[in-house]
Structure formats: C-alpha cells, structure tokens
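Structural overview for review
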Amino acid sequence: MYEDVPGPQVAEDEVLIEVRACGICGSDVHGMDGSTGRRRPPIIMGHEASGVIAEVGKKVSGWNQGERVTFDSTVYCGSCWFCRRGEINLCDNRRVLGVSCEDYRQHGAFAEYVAVPERILYRLPEALSFERAAMVEAVSVAVHAVERTPFSLGDTAVVVGTGMIGLLVVRALRLAGCGTIIAVDLDAERLELARKFGADVGLKADDCDVLKEVTRRTGGRGADLAMEVVGTSPTVNTALASVRKGGAVTLVGNLKPSIELPLQAVVTRQLSLYGSCASSGEYPACLDFMGCGAIEVEALISATPPLAEGAAWFKRLYDREPGLLKVVLIP
Ligand SMILES: [Zn+2]
Ligand SMILES: [Zn+2]
C-alpha cells in the first residue's frame, strides 16, 4: 500500500532523515505475507537506507542538517551487557527498523522521512551514491561473517551459495587475503558473477562432484575454511565436507530453522563451527571499502525504481523472478 501518513516524531536523541534510497531486503519480502510474524501491519518496512539529515533532535551533537548519511538496520540500546562489550548485534533490546512483532513496532524507511537515534548514524564517503550506500547492510553481513572466521593469508576457502551475500562474502575473503576461493552454486550466471567478485573457481553443484574437485585442488586435504550462505541441509553438509580436518565453517544462511548435522564428522575431524548474525561495528570499514571501490556493489543492484512502484517490485521479488538481485526504491 502506498499512501500519505503523518511524518515521524523526532525524539531528543534522534535525527530526521530525508530518505534518498531504500533497498528491499529478503526479510521484507518474506515478512510481507505474515509468515514470519515480524511485519505485522500497519508497518512501514525498510531498513537498508541512506539519505540526508533534515532535522536534528535537541540532544544530538556532532551531526548537522544536510549531511549525507546511512544508518545501522538495527537500533541497539547501547547500555545492555552485550552492547557494552561492543556486541551490538547481540543487544538484548535490539529493534530492527521496519519491523513490528509482539514486542515492538519500529517504522522503517520506505517513506520520505524516517527518524533514527544518533548512535546508529554513519557519514557517507563523498564518492558513494545513495543507491550504493543502501547496500551497506548486505556488505556488513558479509564482512562480519569473514571477520568471525579464523584463517591465515593464502588459505583456501569454499563459499557455498552465491546469492547477493555469498558474492559479497567472496569479495570480502579476497580483500582479507584468502588464497584460492572456490564458489559453489547451482546457477551458472551467479558463478560467473562470483568470478568477477574474486572467486578463482566456480563449481556448478549439479554438474560436477564438488567434494572431489575441492579435494583435488587442496592437495587431497580439503579447504581451510568454508562459508555457508544458503542454510539448508545439503548445502551445510557440502560446506562441512569440503573443509580439511581442523577446518572452520561459518554459517550465515538460515533458510531452514534446523538441519541435519553430521555430528560425528564434526567431532572426529575437529571442525570449528561459527554462527554469524548481522554485523557489529563493521559499517565504517564497509563504507570506506564501498567508497574507494574495493567492494563494488553496482553489479548487485538490479533496478532503482520510484518508491511509488514498490508494490509491483515486491511482487516480482516474492515470485522469485530469475536474475533479480537488489532492488533499491527511490522516494
Ligand atoms: Zn536487510
Ligand atoms: Zn543493548
């Protein structure tokens, strides 16, 4: 629904942002049908946005009208046990913008204006457009996952799943100094894109024996690390089986709430499993990478239609139109 609503109230510690771009996230698309219970209407969705400061609250210091900014998709409280350790993604009082669930309703950025607390703001590098800046959440998820994973310069990595986050994981691994990067997917076009993002090899999982290929390229040992960016039993099992003894597997995808896990293999091969959720403090680095072109997100943006056409684009994403990656709406 596209309609006029009253502008948001700006609290003392908040700034009002005139939204210039807001990306449609998978969680918005799946939230729309009510199945997740986290987008209960009425709610203005949208949490991947950028814009210009239009107004600053009384207690806000250090930010001015007219500044180009983006903000964390999560409003963390800043004072709980986890926030005080810097683990803001684990905040006990975490609110995601554009979500309404049992505990709260926090309007998001598919609107002309959105009000957000000062503590979640970040300045945009001059060279970074609003549209590209709206991709920072996706970039931060990938960078955080790579940061969670222990590895050494030159290590071999397998990335299972080359959707948008998977592609950004490939890029982040390349930046972080991985050696050979092997991407695995079912989609030949995505694998081609993965090579552009820095993968050395693209394995089409239904065309070859992935494990045999990985083993062949790693002296018979298996890869040092694997990143799983899908979240189903078969893909997690591919990730687990593709690493060497003592290897690390980071789990980012969570399409399914639970999966089949080969417990004995994990234990006897002494694998380390890491879960990775959202990001905590990586936004400034990601914006720098995006500003200087070290992480180039242009190829991931499929369309930048006006916000008024949002409903039609939500439908296209919901129907899983092939080839559609990120759609960024412009108010
Ligand atoms: Zn998102
Ligand atoms: Zn907190």
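This write-up is about the structure you can find in this document. (Residues numbered from 1 in each chain as written. Chains lettered and ligands numbered in written order. Predicted model: local features only at pLDDT ≥ 70, side-chain atom pairs only at ≥ 80, totals over all residues. Heavy atoms only, no water.)

**Concerning the packing of helix α4 (residues 136-148) against helix α10 (residues 283-292)**
Geometrically, a packed helix pair is captured by the angle between its two axes and the distance between the axes. To keep it simple, the criterion reads: Every axis corresponds to a line fitted to the C-alpha atoms, with the helix fit spanning only the stretch in contact, and the corresponding angles, defined between N-to-C directions, vary from 0 to 180 degrees. Runs of H or I in DSSP of at least four residues are treated as helices and runs of E of at least two as strands, each being numbered from the N terminus. We call two directions roughly parallel when the angle between them is under 35 degrees, roughly antiparallel when it is over 145, roughly perpendicular when it lies between 65 and 115, and oblique otherwise. Handedness of a crossing follows from how the near helix is turned relative to the far one, being left-handed for an anticlockwise turn of less than a right angle and right-handed for a clockwise one. Whether two residues are in contact is decided by their heavy atoms: any pair within 4.5 Å suffices.
Between α4 and α10, whose axes approach to 9 Å, the crossing angle comes to 110 degrees. Classed by the angle they form, the pair α4 and α10 counts as roughly perpendicular. Every pair of crossing elements has a handedness; the one defined by α4 and α10 is right-handed. Residue-level inspection shows V136, E137, V139, S140 and V143 of α4 in contact with α10, the latter providing Y283, C286, L287 and M290.

**Focus: the pattern of salt bridges**
Side chains that differ in charge, positive against negative, can pair when their charged atoms come close. Spelled out, the test is: Here, a salt bridge means any Lys or Arg side-chain nitrogen found within 4 Å of an Asp or Glu carboxyl oxygen. Only protein chains enter the area calculation, which uses a 1.4 Å probe; residues under 20% of their type maximum are buried, those over 50% are exposed, and those in between are partly exposed.
Inspection of every chain in the model, using the stated rule, returns 17 salt bridges. The salt bridge involving R216 is made with E213; its shortest N-O contact spans 3.0 Å. One end of the pair is R216 and the other is E213, both in helix α7 (residues 210-216) and 3 residues apart, which spans about a single turn. On the basis of relative accessible area, R216 is assigned to the exposed category, the value being 56%.

**Considerations on the coordination of the zinc ion (ligand 1)**
This is how the line gets drawn: Note that water is not among the atoms considered, so a metal site may appear incomplete; the donors listed are N, O and S atoms within 2.8 Å of the metal, with 3.2 Å applied to Na, K and Ca. Between 85 and 135 degrees for all angles marks four donors as tetrahedral; over 155 degrees for opposite donors together with 65 to 115 for all other angles marks four donors as square planar and six as octahedral; every other arrangement is irregular.
For the zinc ion (ligand 1), the protein coordination sphere consists of C25 (SG), H47 (NE2), E48 (OE) and E137 (OE), at 2.1 to 2.3 Å. Angles of 74 to 147 degrees at the metal separate the 4 donor atoms of the zinc ion (ligand 1), which places the site in the irregular class. Taken in sequence order, the residues that donate to the zinc ion (ligand 1) follow the motif C-x21-H-E-x88-E. With C25 in the loop between β1 (14-23) and α1 (26-31) and H47 in the loop between α1 and β2 (48-56), this residue pair connects regions lying 22 residues apart in the sequence. By the burial criterion, C25 is buried, and H47 matches it.

The analysis is restricted to geometry; functional conclusions fall outside its scope.
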